[in-house]
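What the coordinates show
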Amino acid sequence: MDKWLKRVQAIPRTTTETSKESPAVGTSFSGQDTIIANPNSDERPDASQTINMDSDEDRETQTLPSRQQDDGREAHSKIRRYNEDYITLGFTYTGNVNFPQPQCVICVQVLSNNSLKPSLLQRHLETKHGNLKNKPQEFFERQLRLLSNTKKCLIAPDAVNKAGVEASYMVSYRVAKAGKPHTIVEELIVPAAMDMAEKMLGEKSKHTFQKMPSSDNTVSRRISDMSADVLRQLLCRIHASEFYALQLDESTDVAGLAQLLVYVRYIYGGSIHEDILFCKPLPTRTTGQDIFGLIDSFIRSHGITWTKCVGICTDGAKAMTGRHSGVVTRVQAVAPDATWVHCIHREVLAAKGMSDSLAQVLDDTVKMVNFVKSRPLNSHIFFTLCSEMGSDHLTLLLHTEVRLLSRGKVLARFFELKDELKLFFIDNPFRLSDRLHDDEWLTRLAYLGDIFGLLNELNLGLQGRSVTIFNVRDKVEATIKKLNFWSDCVQDNDIGAFPSLQDFLCENELRLADSVRCDIRKHLGDLAVQLRKYFPETDNHDTWIRNPFSSPNTFQHPMLERESLIEISMNGSVRIEFGQKTLTDFWISLRAESPDLANRAIKTLMPFATTYLCETGFSALVCLKTKYRYRLFVENDLRLKLFPIRPNIAALCKNIQAHPSH
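Quick notes on the rules
Within every chain, residues take consecutive numbers counted from 1 along the sequence as written. Only residues with pLDDT of at least 70 are given local features in this predicted model, and only at 80 or more are side-chain atom pairs given and counted; all residues enter the totals for whole chains, interfaces and linings. Working from all heavy atoms in the structure, the side-chain values ignore hydrogens and water. Strands are runs of DSSP state E lasting at least 2 residues, helices are runs of H or I lasting at least 4, and numbering of each runs from the N terminus. Exposure classes here rest on a 1.4 Å probe applied to the protein chains alone. A residue is buried below 20% of its type maximum, exposed above 50%, and partly exposed in between. The contact definition used throughout considers only heavy atoms, calling two residues in contact when any of these lie within 4.5 Å. A pair is scored as a salt bridge if a Lys or Arg side-chain nitrogen falls within 4 Å of a carboxyl oxygen belonging to Asp or Glu. DSSP calls a pair of strands paired once it identifies at least 2 bridges connecting them. A fitted line through C-alpha atoms serves as each axis, taken over the contacting stretch for helices, and the angle formed by two N-to-C directions is quoted from 0 to 180°. For classification, angles of less than 35 degrees are called roughly parallel, those exceeding 145 degrees roughly antiparallel, those between 65 and 115 degrees roughly perpendicular, and all remaining angles oblique. Helix crossings are classified by the rotation of the near helix relative to the far one: an anticlockwise turn of less than a right angle makes the crossing left-handed, while a clockwise turn makes it right-handed. Residue classes follow a fixed rule: Ala, Val, Leu, Ile, Met, Phe, Trp, Tyr, Cys and Pro count as nonpolar, while Asp, Glu, Lys and Arg count as charged, and any other residue, Gly among them, counts as polar. What the arc describes is the spread of directions from the helix axis to the C-beta atoms. Here is the rule: rings of Phe, Tyr and Trp (six-membered ring for Trp) pair when centre to centre is within 6.5 Å. Planes less than 30 degrees apart are stacked, more than 60 are edge-to-face, and the remainder are tilted. Either the NZ atom of lysine or the CZ atom of arginine qualifies as a charge over a ring when it sits within 6 Å of the ring centre and within 35 degrees of the ring normal. In this analysis, a patch consists of residues with relative accessible area above 30% that form no salt bridge, clustered at 9 Å for like charges and at 5 Å for the nonpolar side chains Val, Leu, Ile, Met, Phe, Trp and Tyr. Here the Shrake-Rupley method, with its probe set to 1.4 Å, supplies the accessible areas, and only the displayed protein chains count as covering residues. An expected span of 1.5 Å times one less than the residue number is assigned to each helix. In plain words, nonpolar cores are sets of buried Ala, Val, Leu, Ile, Met, Phe, Trp, Tyr and Cys residues tied together by side-chain atoms within 4.5 Å.

In terms of helices and strands, the protein chain carries 29 helices and 9 strands. Expressed as a percentage of its 662 residues, the buried residues of the protein chain come to 43%. Intrachain contacts of the protein chain at a sequence separation of at least 6 include 66% that bridge at least 24 residues.

Here it is as structure tokens:
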């Protein structure tokens with residue numbers, strides 16, 4: 001009798017409950033329609049009923065270990081199984097197959113395992129989705145397929161998706177480094193990679209590249225993220241540096257927008273580094289107030305201290321060098337230790353003055369070049385003529401005032417092709433073509449080609465990274481002395497310093513005319529005077545920086561610094577180190593030993609000597625922002641293109657969620 005009572009208690013519901021919860025959709029669930037005897041009756045169920053109940057119970061439920069109820073009796077926990085016929089009621093299951101939970105394919109609501117009964121599922125369908133209760137089974141199966149596809153989209157990204165995100169960063173970095181349009185990834189790189197993978201690795205590997213995000217907007221975001229990352233690295237370096245110097249210049253892009261480009265020089269890792277700080281547009285005016293306001297806003301918003309600025313290098317424009325409202329004046333007001341250095345264009349300005357006869361030669365040359373180059377037919381004819389004559393060069397060069405090296409190259413190329421030009425002007429007459437038959441005119445042309453070529457060498461010698469004021473001073477002083485020396489040599493008919501002029505006179509058995517000699521000597525003297533005007537002599541008070549081992553007693557500074565200089569000059573190991581390092585690195589290495597003396601030297605060496613970096617930056621900007629990309633916000637691309645610091649791509653990938661490409 002006790003065994004029978006326990007068996008009755010384990011039965012899930014009575015006949016009355018079963019009759020009330022029977023399905024209404026015409027599907028039979030035999031496992032739930034079990035007939036139970038009245039436990040208060042002395043009659044026992046027959047064998048057939050008991051066997052049927054046991055088989056149904058085993059199929060639909062699973063009995064777990066008993067637990068103690070509040071009244072002391074033992075109760076059994078049951079796990080209900082999912083039946084595939086439940087899809088007619090609009091339910092599938094989710095979770096583990098051993099512990100399924102019903103999920104509605106319409107509203108995606110998940111119920112408990114105890115609700116896995118046809119009656120409860122039927123009730124949910126009729127109360128929540130009454131308008132769908134008479135839908136056929138195919139409708140619910142279609143909803144199940146839609147739900148399954150949605151679940152697949154919500155699956156966590158796998159390793160391939162994460163690798164695709166990292167690959168998109170790496171490809172975007174290469175695109176920015178090369179200065180290419182952002183659409184090149186989706187239009188060229190990914191299709192090309194898929195073609196290579198299909199032929200070399202197989203059909204399956206081809207589809208792996210499709211998971212890499214490659215749209216132009218994605219590439220733009222990647223470049224923006226990497227630009228912000230390298231800027232953070234740069235700001236950390238500047239904050240750690242005790243001093244820094246600025247180099248700035250302004251130019252107009254293809255869209256007519258004024259762009260302000262700023263470079264910074266700072267100390268990092270025991271040496272001097274030079275990197276682009278920012279490139280931002282000036283929306284309205286380009287006055288000194290507007291330029292300084294843009295720089296000051298960036299400096300203060302990023303927590304950089306103005307008092308650490310020890311130098312600023314600009315061109316000679318009024319907006320930069322104005323006495324009352326120029327950028328230099330405003331910077332020195334907030335950075336008292338900042339010294340101003342004129343830009344690279346000083347030697348170009350010095351070369352602008354020449355006598356009327358030499359200026360006329362230059363003007364005639366430019367007009368003849370324009371006659372050939374400005375007409376496509378003339379240009380094609382001259383190209384064919386040079387090709388048939390086997391000339392080293394096939395075209396002339398146009399003269400451009402804004403290009404620093406233009407004048408010397410144009411004159412040298414014109415002089416090299418003078419014979420080809422004589423033949424060209426026979427069939428294509430020009431009013432100035434008779435100049436090519438004038439020996440004195442050609443003599444002056446040969447001299448101008450040589451002297452401007454020598455000035456170009458000076459210009460190139462002042463360019464480059466890590467150039468200090470001592471490098472500029474040495475080259476300019478040497479050029480001034482050469483000019484005076486060449487003037488004396490020309491007076492003695494020695495023109496060996498001008499190879500084109502010398503070869504021309506020797507080939508034609510000519511002597512240097514007195515009028516030409518006077519023009520050459522006057523021009524050389526004027527060049528020396530102008531260079532001295534733009535590069536005045538110094539009192540050599542900082543020679544101890546260049547050579548701390550000679551005459552330390554002439555150093556006129558506080559007593560402690562003079563003692564430190566004497567100790568350095570007598571230290572043999574320091575002398576060896578001085579010969580192995582650059583001048584700036586040498587003084588940086590002495591900061592721990594002689595901080596005051598080393599800081600004084602670093603303040604002198606830190607300022608930029610030229611605006612070479614800004615010139616190269618604007619050349620890169622011209623390549624980036626073309627008439628086809630005139631709406632490009634160029635700062636992010638330009639920073640990655642010019643920046644030697646690589647972004648931390650691994651850290652950037654951790655901050656975003658990986659999604660496959662659509």
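Read on, since the account is not over.
Below, the discussion takes up the pattern of salt bridges. Tallied over the entire structure, the rule returns 20 salt bridges. Lys 603 is the partner of Asp 337 in a salt bridge, and the nearest nitrogen-oxygen pair spans 3.7 Å. Of this pair, Asp 337 sits in the loop between helix H12 (327-334) and strand E9 (339-342) while Lys 603 sits in helix H26 (residues 595-605), and the two are 266 residues apart along the sequence. Accessibility expressed as a relative area gives 42% for Asp 337, which makes it partly exposed. Between Glu 477 and Arg 532 there is a salt bridge, with the nearest N and O atoms lying 2.7 Å from each other. Note that Glu 477 is positioned in helix H19 (residues 469-491) and Arg 532 in helix H21 (residues 514-534), a separation of 55 residues in sequence. With a relative accessible area of 23%, Glu 477 lands in the partly exposed category.

This part is about the sheet that holds E9. Across the sheet, 5 strands lie side by side as E7-E6-E5-E8-E9; this open sheet has mixed pairing. The sheet is open, and its two borders are formed by strand E7 (271-282) and E9, each paired with just one other strand. Strand after strand, the sheet turns through a mean of 20° between neighbouring axes, direction not considered. Along the sheet, helix H27 (residues 612-624) makes contact with strand E5 (244-252), strand E6 (258-268) and E7, crossing E5 at roughly 40°.

Alignment of E5 against E6, held across 9 bridges, turns out to be antiparallel. By the bridge assignment, Thr 252 is partnered in E6 with Ala 258. The loop that links E5 with its antiparallel partner E6 comprises 5 residues; one of these, Gly 256, has a positive phi angle of about 80°. Summarising the sheet, E5 and strand E8 (residues 309-314) pair through 4 bridges and their orientation is parallel. Bridged to Gln 247 within E8 is Cys 313.

Where H19 meets H21, the closest approach of the two axes is 9 Å, and the angle between their N-to-C directions is 165°. As summarised for this structure, H19 and H21 are arranged roughly antiparallel, according to the angle between their axes. The hand of the H19/H21 crossing is left-handed. Residues Glu 477, Thr 479, Ile 480, Leu 483, Asn 484, Trp 486, Ser 487, Asp 488, Val 490 and Gln 491 of H19 lie in contact with H21, whose contacting residues are Arg 517, Ile 520, Arg 521, Leu 524, Leu 527, Ala 528, Leu 531 and Arg 532. Across the contact of H19 with H21, the residue classes break down as 9 nonpolar, 4 polar and 5 charged.

We now examine the environment of Ile 451. Structurally, the position occupied by Ile 451 is in helix H18 (residues 439-461). For the pair Ile 451 and Ala 497, spaced 46 residues apart in sequence, the C-alpha separation works out to 9.0 Å. Ignoring any residue separated from it by four or fewer positions in sequence, one finds Ile 451 in contact with Leu 483, Trp 486, Phe 498, His 523, Leu 524 and Leu 527.

Taken residue by residue, helix H20 (residues 499-507) has Leu 501, Phe 504 and Leu 505 as its buried positions. Considered in projection along H20, the buried side chains sweep an arc of 95° and stay on one side of the axis. Looking at H20, the residues exposed on the side facing more than 90 degrees away from the buried face are Cys 506 and Glu 507.

With that settled, the discussion passes to the packing of helix H14 (residues 356-373) against helix H17 (residues 418-427). Where H14 contacts H17, the two axes come as close as 12 Å, and the packing angle between them is 60°. The orientation of H14 with respect to H17, classified from their angle, is oblique. When the axes of H14 and H17 are compared, the crossing they make is left-handed. Only Leu 421, Phe 424 and Phe 425 of H17 make contact with H14, whose side of the interface consists of Met 368, Phe 371 and Val 372. Its residues placed into classes, the contact of H14 with H17 shows 6 nonpolar, no polar and no charged.

Attention now moves to the packing of aromatic side chains. Evaluated as defined, the whole model comprises 18 aromatic pairs. An angle of 25° between the planes, with centres 4.6 Å apart, marks the rings of Phe 371 and Phe 430 as stacked. Of the two residues, Phe 371 is situated in helix H14 and Phe 430 in the loop between H17 and H18; the sequence distance between them amounts to 59 residues. Both residues of the pair, Phe 371 and Phe 430, count as buried. Aromatic pair Phe 382 and Phe 424: ring centres 5.7 Å apart, planes at 85°, arrangement edge-to-face. Of this pair, Phe 382 sits in helix H15 (residues 376-389) while Phe 424 is found in helix H17, placing the two residues 42 residues apart along the sequence. In this pair, the class of Phe 382 matches that of Phe 424, namely buried. In textbook terms, an aromatic cluster arises when at least three aromatic residues are bridged by ring pairs, as seen for Phe 371, Phe 382, Phe 424, Phe 425 and Phe 430. One Lys or Arg, Lys 135, reaches over the ring of Phe 139 and ends 5.4 Å from the middle of that ring.

Residues Met 196, Met 200 and Leu 201 make up a contiguous nonpolar surface patch of about 400 Å² in total accessible area. Leu 201 gets classed as exposed once you look at its relative accessible area, which sits at 65%.

In this section: helix H7 (residues 184-200). Between its first and last C-alpha atoms H7 spans 23 Å; for 17 residues at 1.5 Å apiece the expected length is 24 Å, and the two agree. Considered for burial, the residues of H7 that qualify are Val 185, Val 190, Ala 193, Met 194 and Ala 197. Where H7 ends, the next residue or the one after it, Gly 202, has phi of about 115°, a positive value.

So, about the nonpolar core. Within the largest apolar cluster, 90 residues are counted, with the highest numbers of intra-cluster contacts made by Tyr 244, Leu 277, Ile 295, Trp 306, Trp 587 and Leu 638. Beyond its immediate chain neighbours, meaning those up to four positions away, Leu 277 contacts Leu 231, Leu 234, Ile 238, Leu 246, Val 262, Tyr 263, Val 264, Phe 298, Ile 299 and Arg 639. Within the second largest apolar cluster, 55 residues are counted, among which are Met 354, Leu 358, Phe 415 and Val 516.

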